[in-house]
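Structural description and commentary
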Amino acid sequence: MGLQGQIIPYKNGEKEEDDDERAGKEISPFPPPPLHSKFAVVGYALTSKKIKSFLKPKLEGLARNKGILFVAIDQNRPLSDQGPFDIVLHKLTGKEWRQILEDYRRTHPEVTVLDPPDAIQHLHNRQSMLQCVADMNLSNSYGKVGIPKQIVIKKDASSIPGAVAKAGLMLPIVAKPLVADGSAKSHELSLAYDQQSLKKLEPPLVLQEFVNHGGVMFKVYIVGETIKVVRRFSLPDVCKRELSNIAGVFRFPRVSCAAASADNADLDPGVAELPPRPLLEKLARELCRRLGLRLFNLDIIREHGTRDRFYVIDINYFPGYGKMPEYEHIFTDFLLSLVQNQYKKKST
Ligand SMILES: Nc1ncnc2c1ncn2[C@@H]1O[C@H](COP(=O)(O)OP(=O)(O)OP(=O)(O)O)[C@@H](O)[C@H]1O
Ligand SMILES: O=P(O)(O)O[C@H]1[C@H](O)[C@@H](O)[C@H](OP(=O)(O)O)[C@@H](OP(=O)(O)O)[C@H]1O
Ligand SMILES: [Mg+2]
Ligand SMILES: [Mg+2]
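The protein appears in an unreviewed UniProt entry as Inositol-tetrakisphosphate 1-kinase from Populus deltoides. Entered under Subunit (unreviewed entry) in the UniProt record, the comment concerning the protein runs "Monomer." For the protein, the Function (unreviewed entry) comment in UniProt is given as "Kinase that can phosphorylate various inositol polyphosphate such as Ins(3,4,5,6)P4 or Ins(1,3,4)P3."

**Observations concerning the coordination of the magnesium ion (ligand 3)**
The expected angle between donors at a tetrahedral four-coordinate metal is 109.5 degrees. At an octahedral six-coordinate metal it is 90 or 180 degrees. The protein atoms that coordinate the magnesium ion (ligand 3) are Asp299 (OD) and Asp314 (OD), at distances of 1.9 to 2.2 Å. The magnesium ion (ligand 4) is placed at 3.9 Å from the magnesium ion (ligand 3), the two being bridged by Asp314. Placement of the pair is Asp299 in strand S14 (residues 295–302) and Asp314 in strand S15 (residues 309–317), with a sequence separation of 15 residues. Asp314 matches Asp299 in its accessibility class, with the two residues each being buried.

**Side note on the coordination of the magnesium ion (ligand 4)**
Around the magnesium ion (ligand 4), the protein supplies Asp314 (OD), Asp314 (OD) and Asn316 (OD1) as donor atoms, at distances of 2.1 to 2.7 Å. Classification of Asp314 as buried rests on a relative accessible area of 12%.

**Points about the pairing of strand S9 (residues 189–192)**
Side-chain alternation along S9 places Leu189 and Leu191 on one buried face and Ser190 and Ala192 on a second face that is also buried. Where strand S8 (residues 173–177) lies against S9, 3 bridges are found, and the strand directions are antiparallel. Across the sheet, Val174 pairs through a bridge with Leu191, a residue of S9. The sheet contact formed by S9 and strand S13 (residues 249–252) spans 4 bridges and is antiparallel. Considered in S13, the bridge of Ser190 is made with Arg251.

**Remarks on the packing of helix H3 (residues 57–65) against helix H11 (residues 327–346)**
Remark: H3 packs on H11, axes separated minimally by 9 Å, with the N-to-C direction vectors making an angle of 40°. Here H3 is positioned oblique relative to H11, judged by the angle of their axes. Between H3 and H11 lies a crossing of right-handed hand. Counting all contacts with H3, which are made through Lys58, Leu59, Leu62 and Ala63, the residues of H11 involved are Tyr327, Glu328, His329, Phe331 and Thr332. Across the contact of H3 with H11, the residue classes break down as 5 nonpolar, 2 polar and 2 charged.

**Section: the site of ligand 2**
Near ligand 2 lie 16 residues; those nearest to it are Lys49, Lys50, Lys91, Tyr221 and Lys323. Within the contact set of ligand 2, an oxygen atom lies 3.3 Å away from a side-chain nitrogen or oxygen of Ser53. With respect to ligand 2, the side chain of Lys91 contributes an N or O atom lying 2.7 Å from an oxygen atom. Alone, ligand 2 offers 510 Å² of accessible surface; in the complex the protein occludes 86% of this.

**Structural notes on the packing of aromatic side chains**
A full pass over the atoms with the stated rule returns 10 aromatic pairs. Ring plane angle 45° and centroid distance 5.9 Å describe the contact between Phe54 and Tyr327, whose orientation is recorded as tilted. One end of the pair, Phe54, is in helix H2 (residues 48–54); the other, Tyr327, is in helix H11, and 273 residues separate them in sequence. Put simply, the rings of Phe54, Tyr221, Tyr317, Phe318, Tyr321, Tyr327, Phe331 and Phe334 pair up and form one aromatic cluster.

**Topic: the sheet that holds strand S5 (residues 139–140)**
Through backbone hydrogen bonds, the strands of a sheet pair up, either in parallel or in antiparallel fashion. In space, the 6 strands of this open sheet follow the order S5-S6-S15-S14-S11-S12, with mixed pairing throughout. Two strands in the sheet have a free side with no partner beyond their single neighbour: S5 and strand S12 (226–233). Two strands pair when backbone bridges link them, and S5 and strand S6 (residues 143–146) are joined in this way by 2 bridges, in the antiparallel orientation. Across the sheet, the residue bridging to Asn140 is Gly143, located in S6. Against the sheet, helix H6 (residues 126–136) makes contact with S6 and S15, and its axis sits at roughly 130° relative to S15, the strand it touches most. With respect to the sheet, H11 is in contact with strand S11 (216–223), S12 and S14, its orientation differing from that of S11 by roughly 35°.

**Description of the site of ligand 1**
Lys176, His187, Ser234, Arg254 and Ser256 are the nearest of the 24 residues found near ligand 1. Taking Arg254, its side chain carries an N or O atom lying 2.6 Å from an oxygen atom of ligand 1. Interatomic distance of 3.0 Å between a side-chain N/O atom of Asp299 and an oxygen atom of ligand 1. Taking 610 Å² as the accessible area of ligand 1 by itself, protein coverage stands at 93%. Of all the secondary-structure elements, those providing two or more residues to the shell around ligand 1 are S8, strand S10 (205–209), S11, S14 and S15. In terms of residue class, the shell around ligand 1 is built from 11 nonpolar, 6 polar and 7 charged.

**Re the confidence of the model for the protein**
Of all residues in the protein, 89% attain a pLDDT of 70 or more, and the chain-wide mean is 90. Taken as a whole, residues 1–36 scores under 50 in pLDDT and shows 65 contacts with residues more than four places along the chain or in a different chain. Scoring the predicted complex yields pTM 0.90 and, for the interface, ipTM 0.92.

Cut-off values and rules
Residues numbered from 1 in each chain as written. Chains lettered and ligands numbered in written order. Predicted model: local features only at pLDDT ≥ 70, side-chain atom pairs only at ≥ 80, totals over all residues. Heavy atoms only, no water. UniProt positions renumbered as here; feature names shortened; annotations may be inferred. Donors = N, O, S within 2.8 Å, 3.2 Å for Na, K, Ca; no water. Helix = DSSP H or I, 4+ residues; strand = E, 2+ residues; numbered from the N terminus. Buried < 20%, exposed > 50% of the residue type's maximum accessible area, 1.4 Å probe, protein only. Pairing = 2+ DSSP bridges. Axes fitted to C-alpha atoms, helices over the stretch in contact; angles between N-to-C directions. Parallel < 35°, antiparallel > 145°, perpendicular 65-115°, else oblique. Left-handed = near helix turned anticlockwise from the far one by under 90°. Contact = heavy atoms within 4.5 Å. Nonpolar A, V, L, I, M, F, W, Y, C, P; charged D, E, K, R; others polar. Near = heavy atom within 4 Å. Polar contact = N/O pair within 3.5 Å; in protein donor to acceptor, adjacent residues only side chain to side chain. Areas by Shrake-Rupley, 256 points an atom, 1.4 Å probe, with all protein chains shown as cover. Phe/Tyr/Trp six-rings, centres within 6.5 Å; stacked < 30°, edge-to-face > 60°. pLDDT = per-residue confidence, 0-100.

Structure follows, in structure tokens:
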């Protein structure tokens, strides 16, 4: 094991003023990793895009100062021959990789795999992704959280207008690929203004009622027990007049990507106001438990004209944490708390 009973240089949650400087200057390029003793070793299996956006020099430097070492996993070698790891961090797709991880979890119960592959699978389907939120039926004095009315169309596009009418889905409708596996195709969404045009869509799909929300959505990043919320621009409201004048299905680009930050925009306060923190904390805690995940974000909107009616529209596994404020501190503290818990368990 990486820790082997030694004390980790960790200053419990405390922020070190010069972390950024040390991380940026002193430790680049990094010396070869000593794969032994006092470091908590985090093996990672990520795409090159993810490595670039997440494993930035500042994160690696801060981690090293706190006694955490990130080590790339070689997918061409057995996992058991590598490490030894305290934690495995991953975001790769494919059945084979999932099987490798499941086998590894079974044979190495002492290693924390972030997160279990079968739990992540729930988020790869836009129907099962939101089921937990619907089941939760969260409603308290801070607000009510649900999901937009939606149906699944597995095949046969010609059946869509009938299915939409039968389910009583109101227009406009957002059409989303059923599979959300991180591929470019899984992010190709459309907005449909009339029932007949729905025939043009390509199943398998989730068809979701579009909820007017004032053109701003909230991205809630979750790292274990920590949550961070940011504002992003989103699709604008669709008014009744527009709906009656427009027909067709329109593809729309990735409207709420990081470049669409609305954190510093001059917005209507009723639209800009973040969802109440206690409501988000309850939602996040409950979702962590129900989904069995510790690393994800969720997109949530407030129905325009209401103060407390919220809808979760999307959940993403291991999202772009590189864009989450203070992620370096939050992530390293989280990793350390996991390793410390493992250590406590072992010594009892
Ligand atoms: N039901 C809805 N009502 C209103 N707007 C919606 C709805 N669903 C999606 N949107 C808009 O479309 C955008 C993309 O939808 P969604 O988040 O489901 O797609 P995604 O490709 O999974 O996004 P991400 O990049 O976050 O993974 C949202 O950020 C929001 O602006
Ligand atoms: O393509 P998939 O695997 O589904 O995941 C994406 C998420 O859906 C996006 O939300 C991430 O970007 P943002 O954090 O800007 O939303 C995006 O962040 P990234 O591009 O920095 O990795 C991805 O994590
Ligand atoms: Mg989204
Ligand atoms: Mg998504």
